[in-house]
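Understanding the architecture of this molecule
For reference, the chains in residue letters:
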Amino acid sequence: MRMRGAKILIECLKEQSVDTVFGFPGGSVLNIYDELYKNSDAITHILTAHEQGAAHAADGYARVTGKVGVCIATSGPGATNLVTGIATAYMDSTPMVAITGNVPVPLLGKDSFQEVDIAGVTIPITKHNYIVKDVADLADVIREAFYIAQEGRPGPVLVDIPKDVTAYEAEYTYKAPKPISRHPERIRIQDIETAVELITNASNPFIYAGGGVNGSRASAELLEFAEKIQAPVCVSLMGKGAFPATHPQYTGMIGMHGTKVSSMGVSRCDLLIVIGARFSDRVVSKADKFARKAQVLHIDIDPAEINKNIQTYHHVIGDVQAVLTMINERITTRIEHGQWLEKIAEWKKRYPIRVTTENRRPRDIIRALNDLLGEKAIIVTEVGQHQMWAAQFFKYTQSGSFITSGGLGTMGFGTGAAFGAQLGRPDKQVVSIAGDGSFQMNCNELGTIAKYQIPIVILLMNNHTLGMVRQWQTMFYDKRYSATTLDHQIDWVKLADAFGVDAMKLGLDDDIQTVLKAALEVGGPVLVDCEIPIDDVVLPMVAPGASIEDIILSVDPITN
Amino acid sequence: MDRYILSVLVNNHSGVLSRIAGLFSRRGYNIDSLSVGETKDPDVSRMTIVLRGDHAVLEQITKQLAKLIDVLHIKELKPSESVSRELVLIKVGAERAQRAEVVQIADIYKAKIMDVDTATITMEITGDQDKLSAFLRLVEPYGIKEIVRTGLSAIGRTDETISDDMNKKEC
């Protein structure tokens, strides 16, 4: 059937079972928006306040559903406003398709109004991108974009469509999406067997699981594996939820704000089994001091991650779920490591995450939230101290229950990602744990959650400062608080009220349970302005460039 | 630092070169040269990339290149199993008194004289890196006024082609 480019695009979205898109209209995407209007029964379009919000929403939606997140923006500034969101998705391997309009083909390259070479701009932050200059190519490009976004290690793909291409006609025939395979047949059996041998022979194995376990939906396989080989498990920030935090073998997070037990485990194990993780500098810190006594066994879907930051002893390339299934099949009896687990248990008792006056209030708020919601919660964060507290103090037991910008560390990610996640998982209660610095970056999205009545809870950890930067200034810059104090007294309750979002205050002396309960009972979008002390800190901490063995447990060096 | 030669088959689209050049600069890899041209299949271009680094760098570059959707195949061409050539156009200072000497060097090195003017001689020379550097060392004292290099092109010896290698790896 012959149809216009804009209609072909919508038909291709339907082929991929896309039912929700996030975006913001403009001149170059008018034809696309006209088709969205006509197809509003099949595809819900969520109008955000800013394109960045649309990109983060598509990202949050994708992370909780496992489907491809879709965002749409017009040419020029619309497209560049997506950039931070695309980069965020790229660093955290989220499947996303970003569709941008552009000026008509004859005007490309002429510095036309609202023209930008967004394909050029996004080369380093997409798995791949396209400029569609011929409407006859459009359908296949969209199909390829969805395939590439999901296949192998997922990531964002951008499709730039000049306006005339959305107006021209071409032949369209329905095609079923190409299935996404985990490709177990590509996993080398020899590699699996060597891995099993290493695992079987290890006396003190230690597992470090990352975001790949969540991305591959492999938490059940990881649990089976860890229990079979009786190894302790730590997770990266992106790996939160991949292994139940309530499990006795769990040692907590590894890295800059990880637990001392995880650091000790990595430093003293004889086999470090790294699953769907990429040895980020925020985990490894000083590379030559990382896992010094261990052989490193790395399991990852992306061959380029092998030997990139840390030299491995052995590796298996493949989808984490498929690899773990194959390994689990070959380990028939439980391998006991009683002494090793006892030692870990002893360290866990000796080195809990130390709670001092400098982090008690945020901990209590997050624990109270944990008590109220438990497994019903999906926690989304912004970036900074609150993000680390949310990672440390909420006990995640399910994959996909913690959504955060791990790789790029995008302040302003939270609100968009939270309402995207809430739309993807209406059965859950999404809570955005935010900081006042991050939140104000995209607080315009309060309007979006009000407009669509998306029932997220925003817990604003308000310390009137850019807390994480201040913490570094306290520890490493002799308390010279350059440009980190936010003392201009924003009234967040009034602001939320102006957007039509319910809001309440949780003062330092207020009862946390009472206020949080009241917030959850609102049943619609709500913001809680939680006052916390300005000098609260995140501990433990590995100083930048230090070895993880030298983890700081207290800001006071004498009591360390 | 070792020197490696990679032969890379890529889709012949606009923009592919900038993807590849961008990857090298972004990740801080050092390349000596990059040359590109169409293959017998007009949809496919072939690049010869000469890079410097240790073996770990070569491994990373190869893997990062392989992640690009437009990269179809990568083969390392080892010097013992391949031939490589570069073409250089060079303009050397040669007043009447030195002209004969320069022509003699050109003759020995099988460089072609393309143009002679009152104060310069313009030549074309093709060869591997050793021959070219020896030639350049000899003409340097006359004053190199201008030089244009194509970058290295390389091809494997024996019956096996890069397409055979690509098909073999896909099986």
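Residues numbered from 1 in each chain as written. Chains lettered and ligands numbered in written order. Predicted model: local features only at pLDDT ≥ 70, side-chain atom pairs only at ≥ 80, totals over all residues.

Let's talk about the overall build of chain A
Going by this rule: Each helix is a run of H or I in the DSSP string that is no shorter than four residues. Each strand is a run of E no shorter than two, and both are numbered from the N terminus. C-alpha atoms define the radius of gyration in this analysis, and the globule rule sets the expected value at 2.2 Å times the number of residues to the power 0.38. What counts as a contact here is a pair of residues whose C-beta atoms, placed from the backbone, lie within 7 Å.
Summing up its helical and strand segments, chain A has 22 helices and 20 strands in all. The C-alpha atoms of chain A give a radius of gyration of 24 Å, which matches the 24 Å a tight globule of 560 residues would have. Each of the three principal axes of chain A carries a C-alpha extent, and together these read 70 × 60 × 40 Å. For chain A, long-range pairs separated by at least 24 residues make up 78% of all intrachain contacts whose partners lie at least 6 apart in sequence.

Brief notes about the sheet that holds strand β4 (residues 71-76) of chain B
Residues and elements named next belong to chain B. Threshold: Between any two strands, at least two bridges found by DSSP are needed for them to pair. Lines fitted to C-alpha atoms define the axes, with helix axes restricted to the stretch in contact, and inter-axis angles between N-to-C directions lie between 0 and 180 degrees.
Reading across from one edge, β2-β3-β1-β4 is the order of the four strands in this open sheet, with antiparallel pairing throughout. One side of each edge strand has no neighbouring strand; the edge strands of this open sheet are β2 (30-38) and β4. Averaged over all pairs of adjacent strands, the angle between strand axes in this sheet comes to 20°, irrespective of strand direction.

Points about the domain arrangement of chain B
Residue and element names in this part refer to chain B. Rules: The split of the chain into domains comes from an automatic or database domain assignment.
By domain assignment, chain B separates into domain 1 (2-76) and domain 2 (83-153). Relative placement of domain 1 and domain 2: their C-alpha centres are 29 Å apart. Opposite the six residues of domain 1 that make contact, domain 2 presents five residues. At the level of secondary structure, the elements contributing two or more residues to the side of domain 1 that touches domain 2 comprise β2 and β3 (44-53).

Re the interface of chain A and chain B
When the parts come together, some accessible area is lost, and that loss is often what is quoted as the size of the interface. Stated precisely, the cut-off is as follows: When residues are grouped by polarity, Ala, Val, Leu, Ile, Met, Phe, Trp, Tyr, Cys and Pro land in nonpolar, Asp, Glu, Lys and Arg in charged, and all others, Gly among them, in polar.
Listed as interface residues are nine residues of chain A and, on the opposing side, 12 residues of chain B. When its residues are assigned to classes, the side of chain A that touches chain B shows six nonpolar, two polar and one charged.

Notes on the sheet that holds strand β15 (residues 377-381) of chain A
All names here are of chain A. Ordered by their spatial adjacency, six strands build an open sheet running β16-β15-β17-β18-β20-β19, and the pairing between neighbours is parallel. Here the strands that pair on one side only, and so sit at the sheet edges, are β16 (402-403) and β19 (502-506). Pairing of β15 with β16, which is carried by two bridges, proceeds in the parallel orientation. From the neighbouring strand, V380 faces β16, where its bridge partner is I403.

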